Each structure stands twice: as structure tokens, then as C-alpha cells.
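Commentary on secondary and tertiary structure
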Amino acid sequence: MSYILHIETATKVCSVSLSSDGELVQIREFKDEGYSHGEQLTILIQNVLELQGITAESLSAVSVSAGPGSYTGLRIGVSTAKGLCYALNIPLISIGTLESMAEVARVAYPDSNLCPMIDARRMEVFSLITNFEEDILKPVSADILDENSYTEFEPFVCFGDGAKKMAELWNERDILFDLELEPSAKGQVHAAYQKFLKQEFEDVAYFEPAYLKEFYQAPSKK
């Protein structure tokens, strides 16, 4: 039996799931506007292991959200995943954040084009567009959007925290907005298991997530 721990921290959602031979068996999630992933992540990991009645030594691999997304969130998730892999001597698997989001949405919208979208400040987003056959129509990129962006891919379903600011601007277009769909570690399960079987692993020492943008630090209020 191959247990894989899945970690998703690219946005304000802190999500951890556990799969067994490619099937989801446990999941715990926490959302906080203040990005408290540093405090919550290890608690969620312990929760899913205890609920399944196993210890970390039973894990066969760890998968982690590889970005794009929040610099701080990704850094916390990847560093935690690396620490587990190093301590347990197990492989690290990376899963693209937007691809994982599309996998979650595909359950609800199996016949639609999907546009997972992560807020990247102002009118810029990280996005991907894929169809119901999982073909990539627009690869992952950081885009500055206007009222005519992505018209060639309509109709499509738009979701994620970046979609919220587009709902009003695109309200007359052939786009369905699902503002309840969010990143979740359960979206990593299928892809991570396939990579595990193919032994497509990352170098634990050197792997870095795809930030896509330079780290931005807000000016001090002092």
C-alpha cells in the first residue's frame, strides 16, 4: 500500500490530504486571510495521519503544490515537504497549482473549458486554460487582463481567488464564475500517484517552486 501525503499552500487555503494507491482517504483544510500556514500546516498533517491510523514512517512519498501562487505560502509548503522527505528518505513530487485546481473543478464541470485563476495583485493573475480532455489551451502564465482577454477560449468556467475581480468586468461574456471553488490538496491525488508510479521525482535538495514573479514585500507602515 502506497500512502502519499499531499500539501497545498499556494493561496490562503492551507490544505493537506492523504491518498492510498491513488485514492483519496483523508483531507483537512483551513482558510485564513492572514496566511497562518506556518502554524496550521503541521497540525493538518498530523490530523490526516492520525485519522488514518498511521505514522509518517508509513508514507511512500510527499507531493507539494509547485506554484504559481503566494511566495510565502509556497515557501512554507515546499520547505515542510522537503523536511519530511529528507527525514523519512522518501521522494518528493511536485504538482502545478493551477493543474491541481483544474483537477478539482473537472469533477463539477466535466464537459467544460476550465480557467483556474490566482490573484497576482491589481489586474494581473496567474492562469491556465484547459479543456475537458485535459488538453492545455493556454499554458500557465502571469497575465494582465482586460475586458477582452481570453475571448478565444469561451465558453469557459473561471474560478479561484483571481476570478473574483474578473466577475464584474466579464459579467456580459459567455463565462461561468464559480467563486466557491478553491485550491485543494485533493486535486493532487491522481497526478501525484501517476508520477509516483513513473518515478518522476524532484531533487529534494534543489527543488524550488515556480513563483513566476519576484517576491514583493509591502512597505513598512512605520
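Given the structure is predicted, the values throughout are model-derived calculations rather than measurements. (Residues numbered from 1 in each chain as written. Predicted model: local features only at pLDDT ≥ 70, side-chain atom pairs only at ≥ 80, totals over all residues. Heavy atoms only, no water.)

Within the protein chain, the secondary structure is distributed over 4 helices and 10 strands. Listing the helices and strands of the protein chain from first to last along the sequence gives β-β-β-α-β-α-β-α-β-β-β-β-β-α. Taken over the C-alpha trace, the protein chain has a radius of gyration of 17 Å; the compact-globule value for 222 residues is 17 Å, and the two agree within 12%. Expressed as a percentage of its 222 residues, the buried residues of the protein chain come to 50%. Relative to all contacts within the protein chain whose residues are 6 or more apart in sequence, the contacts with residues 24 or more apart total 60%. Carbon and sulfur atoms form 49% of the exposed surface of the protein chain, whose accessible area is close to 11100 Å². (Helix = DSSP H or I, 4+ residues; strand = E, 2+ residues; numbered from the N terminus. Rg over C-alpha atoms; globule rule 2.2 N^0.38 Å. Buried < 20%, exposed > 50% of the residue type's maximum accessible area, 1.4 Å probe, protein only. Contact = heavy atoms within 4.5 Å. Areas by Shrake-Rupley, 256 points an atom, 1.4 Å probe, with all protein chains shown as cover.)

Quick look at the side chain of Asp178 now. By secondary structure assignment, the location of Asp178 is in strand S10 (residues 175–178). For the buried residue Asp178, which engages in no salt bridge, the nearest side chain bearing the opposite charge is Lys164, 10.0 Å off. Side-chain polar atoms of Asp178 contact the backbone nitrogen of Glu180, separated by 3.0 Å. In this view, Asp178 contacts Tyr109, Val157, Cys158, Phe159 and Gly160; residues no more than four positions away in its chain are not counted. (Lys, Arg positive; Asp, Glu negative; His and termini not counted. Salt bridge = Lys/Arg side-chain N within 4 Å of Asp/Glu carboxyl O. Polar contact = N/O pair within 3.5 Å; in protein donor to acceptor, adjacent residues only side chain to side chain.)

Using the criterion set out here, one finds 5 salt bridges in the structure. Across the pair Asp119 and Lys165 runs a salt bridge, and its minimum N-O distance is 2.5 Å. Of this pair, Asp119 sits in strand S6 (residues 113–119) while Lys165 sits in the loop between strand S9 (156–159) and S10, placing them 46 residues apart in sequence.

Viewed as axis vectors pointing N to C, helix H1 (residues 37–52) and helix H2 (residues 71–88) meet at an angle of 40 degrees, and their least axial separation amounts to 10 Å. The orientation of H1 relative to H2 falls into the category oblique. Crossing of H1 over H2 shows right-handed handedness. Counted together, His37, Gly38, Leu41 and Ile45 of H1 and Gly73, Ile76, Gly77, Thr80 and Leu84 of H2 form the full contact between these two elements. When its residues are assigned to classes, the contact of H1 with H2 shows 4 nonpolar, 5 polar and no charged. (Axes fitted to C-alpha atoms, helices over the stretch in contact; angles between N-to-C directions. Parallel < 35°, antiparallel > 145°, perpendicular 65-115°, else oblique. Left-handed = near helix turned anticlockwise from the far one by under 90°. Nonpolar A, V, L, I, M, F, W, Y, C, P; charged D, E, K, R; others polar.)

Cis geometry is adopted by the peptide bond preceding Pro68, which originates at Gly67 and carries an omega value of 5 degrees. By secondary structure assignment, the location of Pro68 is in the loop between strand S4 (59–65) and H2. Here the bond from Glu154 into Pro155 is cis, since omega is -5 degrees, no more than 30 degrees from zero. Its location among the elements puts Pro155 in the loop between strand S8 (136–144) and S9. The backbone of Arg122 sits at a positive phi, close to 50 degrees, despite the residue not being glycine.

Counting 24 residues, the largest nonpolar core has Leu5, Ile7, Leu18, Ile45, Leu49, Leu59 and Val62 as the members making the most contacts within it. Contributing elements (two or more residues each) for this core: strand S1 (3–8), strand S2 (13–20), H1, S4 and H2. In contact with Ile45, not counting residues within four places along its chain, are Leu5, Ile7, Val16, Thr80 and Leu84. (Core = buried A, V, L, I, M, F, W, Y, C linked by side-chain atoms within 4.5 Å.)

With mixed pairing, the 5 strands of this open sheet are ordered in space as S8-S7-S6-S9-S10. Taken across any chain shown, the strands that pair with only one partner, and hence form the sheet edges, are S8 and S10. For this sheet, the mean inter-axis angle between neighbouring strands, taken without regard to orientation, is 20 degrees. Relative to S10, S9 runs parallel, the two sharing 4 bridges. If you follow Cys158 over to S10, its bridge partner there is Phe177. (Pairing = 2+ DSSP bridges.)

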